[in-house]
Amino acid sequence: MFELLSLIFQNVHLWEVTLLVVVVWAGRHPEHLKLIQSIKIGDMEIKLKQLEAQVSNSKTEMQEQIHELEQEIEGEKRLFGDLLQGFDVHSPLHELAKTRDLLKSNARTLSDFENLGSYLEKGASAEELYAAAVTLRERRPTQLFDKLVQCLQRLSSDENFSGIRLNTVWTLTSAVHLMLISAIRDGVEPSISSSSLREAKQVLSILEQHPRVQTDRPDKPEKGIRGPIKHAISWIEKGLN
């Protein structure tokens, strides 16, 4: 024990030990701390009032940053909402091109994906699902991988994809493929668990056998939904090996 204490005092400055003692004492006697204006240790003097002011300023700056972030997120939600109100997802694909470009542009600056997850759930409109699909394909947030797979599972259980057009299903499936690349090849966090990979493979295999998928681009199946399904399953197998 003596050797340990000797080693500590040989390698630690006296002012560090003194400051530690003061901190411990202040923690046990907070009622006396407000009476102390400063602490002087050797040539160093700690001005407690100045320290308190610095802490207060830091707290104010942090609150301002949080407020700015909240405003930014609210602005993103309003912009996304405006985009959703401005198009009909059942329009011809060439008419949807402008909307798709706007959604992709908005996706590049998106900082909050929590609200996006609700557009993958049952009850979301076809426009919301399309907007989510385009955004997910552009940004590839792996934290929404499971929700995306669950969405495809729900759609594949309906003979008509619950009224969702093939282009939206293709975009959702392509988003799965690109998320897998981000997670498995690029190491993007959060990672995708092995159980999630196995679940995704099962869902994609069932989706591949869906009658509407089988008749999508029979001339060039790789250009239809079967294309991203094939690529996604290939990446899943890499991730599981």
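None of the values given here were measured: they were computed from a predicted structure.

## A look at the overall build of the protein
When you go through the protein residue by residue, the secondary structure sums to twelve helices and two strands. Tracing the protein from N to C terminus, the helices and strands come up as α-α-α-β-β-α-α-α-α-α-α-α-α-α. Each of the 241 residues in the protein was classed as buried or not, and the buried ones make up 33%. Restricting to contacts in the protein with at least 6 residues of sequence separation, those with at least 24 account for 70%.

## A short note on the packing of helix 7 (residues 126-139) against helix 9 (residues 166-185)
Across the interface, helix 7 lies against helix 9 with an axial gap of 8 Å and an inter-helix angle of 30°. Compared by their axis directions, helix 7 and helix 9 come out roughly parallel. Two packed elements cross with a definite hand, and for helix 7 against helix 9 that hand is left-handed. From helix 7, Leu129, Tyr130, Ala133, Val134, Leu136 and Arg137 reach across to helix 9, where they touch Asn167, Thr168, Trp170, Thr171, Leu172, Ser174, Ala175, Leu178 and Met179. By residue class, the composition of the contact of helix 7 with helix 9 is ten nonpolar, four polar and one charged.

## Points about the packing of aromatic side chains
Applying the stated criterion across every chain, the model contains one aromatic pair. An angle of 55° between the planes, with centres 5.9 Å apart, marks the rings of Phe87 and Tyr130 as tilted. Here Phe87 is found in the loop between helix 4 (48-85) and helix 5 (93-108), whereas its partner Tyr130 is found in helix 7, with 43 residues between them in sequence. Note on accessibility: Phe87 and Tyr130 belong to one class, buried. Just above the ring of Trp235 sits the side chain of Lys238; from NZ or CZ to the centre is 4.1 Å.

## Let's talk about helix 5
With 16 residues, helix 5 should reach 22 Å at 1.5 Å per residue; the first-to-last C-alpha distance of 22 Å fits that figure. Helix geometry: helix 5 is bent most strongly at Thr99, by close to 25°. Of all the residues in helix 5, the buried ones are Leu96, Thr99, Leu103, Asn106 and Ala107.

## As for the packing of helix 9 against helix 12 (residues 226-240)
Contact geometry of helix 9 with helix 12 gives a least axis separation of 9 Å together with a crossing angle of 25°. On the basis of their axis angle, the class for helix 9 and helix 12 is roughly parallel. Considering only the axes of helix 9 and helix 12, their crossing is left-handed. Across the interface between the two elements, Trp170, Thr173, Ser174, Val176, His177, Leu180, Ile181, Ile184 and Arg185 of helix 9 pack against Pro228, Ile229, His231, Ala232, Trp235, Ile236 and Gly239 of helix 12.

## Side note on the nonpolar core
Counting residues in hydrophobic clusters, the biggest one holds 49 residues, and the most contacted among them are Leu172, Leu180 and Leu204. Only helix 5, helix 7, helix 8 (145-156), helix 9, helix 10 (194-208) and helix 12 provide two or more residues apiece to this core. Looking at this core, the element that brings in the most residues is helix 9, giving nine residues. Once residues within four sequence positions are removed from consideration, Leu204 is found in contact with Leu152, Thr173, Val176, Ile229, Ala232, Ile233 and Ile236.

## Comments concerning the side chain of Thr173
Its place among the elements puts Thr173 in helix 9. Ignoring anything within four residues of it in the chain, the contact list for Thr173 reads Leu152, Leu204, Leu207, Ile225, Pro228 and Ile229.

## Let's talk about the environment of Ser193
Turning to its location among the elements, Ser193 is positioned in the loop between helix 9 and helix 10. As for Ser193 and Leu240, which are separated by 47 residues in sequence, their C-alpha atoms are 9.3 Å apart. Within polar-contact distance, the side chain of Ser193 engages the side chain of Ser196 at 3.0 Å.

## Observations concerning unusual backbone geometry
Glycine aside, the phi torsion of most residues is negative, and most peptide linkages are trans. With an omega of -5°, the peptide bond between Glu189 and Pro190 qualifies as cis. The backbone of Arg140 sits at a positive phi, close to 55°, despite the residue not being glycine. Look at Arg140 and you get partly exposed, because its relative accessible area is 28%. Unlike most non-glycine residues, Arg217 shows phi in positive territory, near 50°. With respect to the helices, strands and loops of the structure, Arg217 is situated in the loop between helix 11 (211-214) and helix 12.

## Re the environment of Asn241
With respect to the secondary-structure elements, Asn241 resides in the segment after helix 12. Between the C-alpha atom of Asn241 and that of Ser194, which follows or precedes it by 47 residues, the distance is 9.9 Å. Here Glu237 takes part through its backbone oxygen, which lies 2.9 Å from a polar atom of the side chain of Asn241.

Reading the values: the criteria
- Residues numbered from 1 in each chain as written.
- Predicted model: local features only at pLDDT ≥ 70, side-chain atom pairs only at ≥ 80, totals over all residues.
- Heavy atoms only, no water.
- Helix = DSSP H or I, 4+ residues; strand = E, 2+ residues; numbered from the N terminus.
- Buried < 20%, exposed > 50% of the residue type's maximum accessible area, 1.4 Å probe, protein only.
- Contact = heavy atoms within 4.5 Å.
- Axes fitted to C-alpha atoms, helices over the stretch in contact; angles between N-to-C directions.
- Parallel < 35°, antiparallel > 145°, perpendicular 65-115°, else oblique.
- Left-handed = near helix turned anticlockwise from the far one by under 90°.
- Nonpolar A, V, L, I, M, F, W, Y, C, P; charged D, E, K, R; others polar.
- Phe/Tyr/Trp six-rings, centres within 6.5 Å; stacked < 30°, edge-to-face > 60°.
- Lys NZ or Arg CZ within 6 Å of the ring centre and 35° of its normal.
- Expected span 1.5 Å × (residues − 1).
- Bend = angle between axes of the 7 residues up to and from the residue.
- Core = buried A, V, L, I, M, F, W, Y, C linked by side-chain atoms within 4.5 Å.
- Polar contact = N/O pair within 3.5 Å; in protein donor to acceptor, adjacent residues only side chain to side chain.

Shape is all these values report; function is a separate question.
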